[in-house]
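Listed here are the chains, written in short residue letters.
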Amino acid sequence: MHILVTGGAGFIGSHVVKLLVNDGYKVTILDNLVSSDKKSIDPKAKLIIGDIVDSKKSQQALREIDAVIHMAGLIIVPESVKDPIKYLKNNVIGTVSFLESMRKANVTKIIFSSSACVYGTPEHLPIEEDAPIHPDNPYGASKASIETYLQTYNAVFGFDSIVLRYFNPYGPGENHQPETHAIPNFIEATLKKRPIPLYWKGEQIRDFIYIEDLAQAHIDVLNLKGHQIFNVGTETGVKVKDVIDEIFKIVGYKVPVDDLGRRPGDVAANYASSKKLAKAVGWRAKIDLNQGLRRTIDYYKSLKHQIMGDLQKGKITHLKQFHQ
Ligand code: NAD
């Protein structure tokens, strides 16, 4: 089976690509590298550098493809609040343009990276897939709107469109610029022995899903049909301040916490019911928070060593270059 992964150079995409390649799938990536680079791409995958809105590039990437895992998109929530049109253009118009390229290429199976953001503030916990959709920010609105298009492409053009609503992914390889996610910021501050930036005194409840468990879900749903929506989470709500304590336990020391007060727009609590996905394909999260954090901390430690080594060898002359 030949899979096209859009956004396959990104944090989650590169893990999905690795897993696909290891499982013997042929993999092509379509990515414009706007928020990633080639470094994390598995060498066995073929990279086509291009934008999903570009029908020529998309047609080229879609040649002999059996299914698409569609992860390309902009993901920074505060940026989407400042510039909703950017998110409308890149995520929604980009995706609908890409769906049209798929239609022309006769590729009608798509797995889509959606987000728990579509639920906004939930009425009940754990959140089930039939909970009302009311995104609290333009990023979430872009995801909800793409989901609606996928339902339409299923109804009108017979697409198989599987929507995966991720909760809070974390793990090795996460280097968004800027990084707005809690775990990488907490670990980075701890390793640099700087104060941890913390909103709401860490009282928010989240469902942190380890990257390899999340990546596996994409492979497990590859043979599903129709239009189906699944939450992908651990079904466990954890207080953000408890994550910090776990990090401190693992590294064996503490750093101060920088109390940043309340951040408007944050949801107080969310965690998933993933029973639907378990029932459909037997998927379950296997890596618990302690194991996942250990692996993630090891990654950031190795990154630090790699940067120091590259600086010494003159491969990079400034830390900024490492992140470019
Ligand atoms: P990422 O920024 O690391 O990866 C996204 C990739 O998409 C990047 O490689 C970027 O270059 C590419 N891209 C963006 N716009 C593009 C375009 N128009 N054409 C081609 N390529 C384009 O983000 P990630 O964390 O790996 O997220 C992957 C997907 O999962 C995204 O769709 C995101 O919305 C979704 N998601 C992420 C999270 C999270 O916490 N990371 C949570 C829920 C959903």
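Residues numbered from 1 in each chain as written. Predicted model: local features only at pLDDT ≥ 70, side-chain atom pairs only at ≥ 80, totals over all residues. Heavy atoms only, no water.

Naming follows an unreviewed UniProt entry, where the protein appears as UDP-glucose 4-epimerase. Taken from UniProt, the Sequence similarities (unreviewed entry) comment for the protein reads in full: "Belongs to the NAD(P)-dependent epimerase/dehydratase family." (UniProt positions renumbered as here; feature names shortened; annotations may be inferred.)

## A closer look at the overall build of the protein
What the protein contains, in helices and strands, is 11 helices and 13 strands. Its C-alpha atoms give the protein a radius of gyration of 19 Å, within 12% of the compact-globule value 20 Å for 324 residues. By residue count, 49% of the 324 residues in the protein fall in the buried class. Summed over its atoms, the accessible surface of the protein is roughly 15500 Å², and 52% of this surface lies on carbon and sulfur atoms. For the protein, the separation between the mean place of its 41 positive charges and that of its 36 negative charges on side chains is 5 Å. (Helix = DSSP H or I, 4+ residues; strand = E, 2+ residues; numbered from the N terminus. Rg over C-alpha atoms; globule rule 2.2 N^0.38 Å. Buried < 20%, exposed > 50% of the residue type's maximum accessible area, 1.4 Å probe, protein only. Areas by Shrake-Rupley, 256 points an atom, 1.4 Å probe, with all protein chains shown as cover. Lys, Arg positive; Asp, Glu negative; His and termini not counted. Charge placed at Lys NZ, Arg CZ, Asp CG, Glu CD.)

## Observations concerning the packing of helix α1 (residues 11-22) against helix α7 (residues 211-220)
When two helices pack together, you describe them by how their axes are tilted relative to each other and by the distance separating the axes. Remark: α1 packs on α7, axes separated minimally by 9 Å, with the N-to-C direction vectors making an angle of 60 degrees. Here α1 lies oblique to α7, going by the angle between them. Like other packed secondary-structure pairs, α1 and α7 cross with a definite hand, here right-handed. Here α1 contributes Phe11, Ile12, His15, Val16, Leu19 and Leu20 to the contact with α7, which in turn contributes Ile211, Glu212, Leu214, Ala215, Gln216, His218 and Ile219. Residues of the contact of α1 with α7, tallied by class, amount to 9 nonpolar, 3 polar and 1 charged. (Axes fitted to C-alpha atoms, helices over the stretch in contact; angles between N-to-C directions. Parallel < 35°, antiparallel > 145°, perpendicular 65-115°, else oblique. Left-handed = near helix turned anticlockwise from the far one by under 90°. Contact = heavy atoms within 4.5 Å. Nonpolar A, V, L, I, M, F, W, Y, C, P; charged D, E, K, R; others polar.)

## Structural notes on helix α8 (residues 240-251)
Taking 1.5 Å of rise per residue, 12 residues should cover 16 Å, and α8 covers 17 Å from first to last C-alpha, within 8% of that figure. For α8, the full list of buried residues reads Val240, Val243, Ile244, Glu246, Ile247, Phe248, Ile250 and Val251. At the exit of α8 stands glycine 252, carrying a positive phi of roughly 85 degrees. (Expected span 1.5 Å × (residues − 1).)

## Concerning the UniProt feature "domain: NAD-dependent epimerase/dehydratase" (unreviewed entry) in the protein
Following the UniProt record, one finds the feature "domain: NAD-dependent epimerase/dehydratase" (unreviewed entry) at residues 3-233. The span residues 3-233 carries 37% helix and 21% strand; its end-to-end C-alpha distance comes to 24 Å.

## A word on the site of the ligand
Taken together, 28 residues lie near the ligand, and Ile12, Asp31, Ser36, Tyr139 and His176 sit nearest. For the ligand, a nitrogen atom lies 3.0 Å from a polar atom in the side chain of aspartate 51. With respect to the ligand, the side chain of asparagine 90 contributes an N or O atom lying 2.9 Å from a nitrogen atom. Its free accessible area being 820 Å², the ligand has 97% of it covered by the protein chains. Those elements that provide at least two residues to the shell around the ligand are α1, β5 (109-115) and α5 (138-157). (Near = heavy atom within 4 Å. Polar contact = N/O pair within 3.5 Å; in protein donor to acceptor, adjacent residues only side chain to side chain.)

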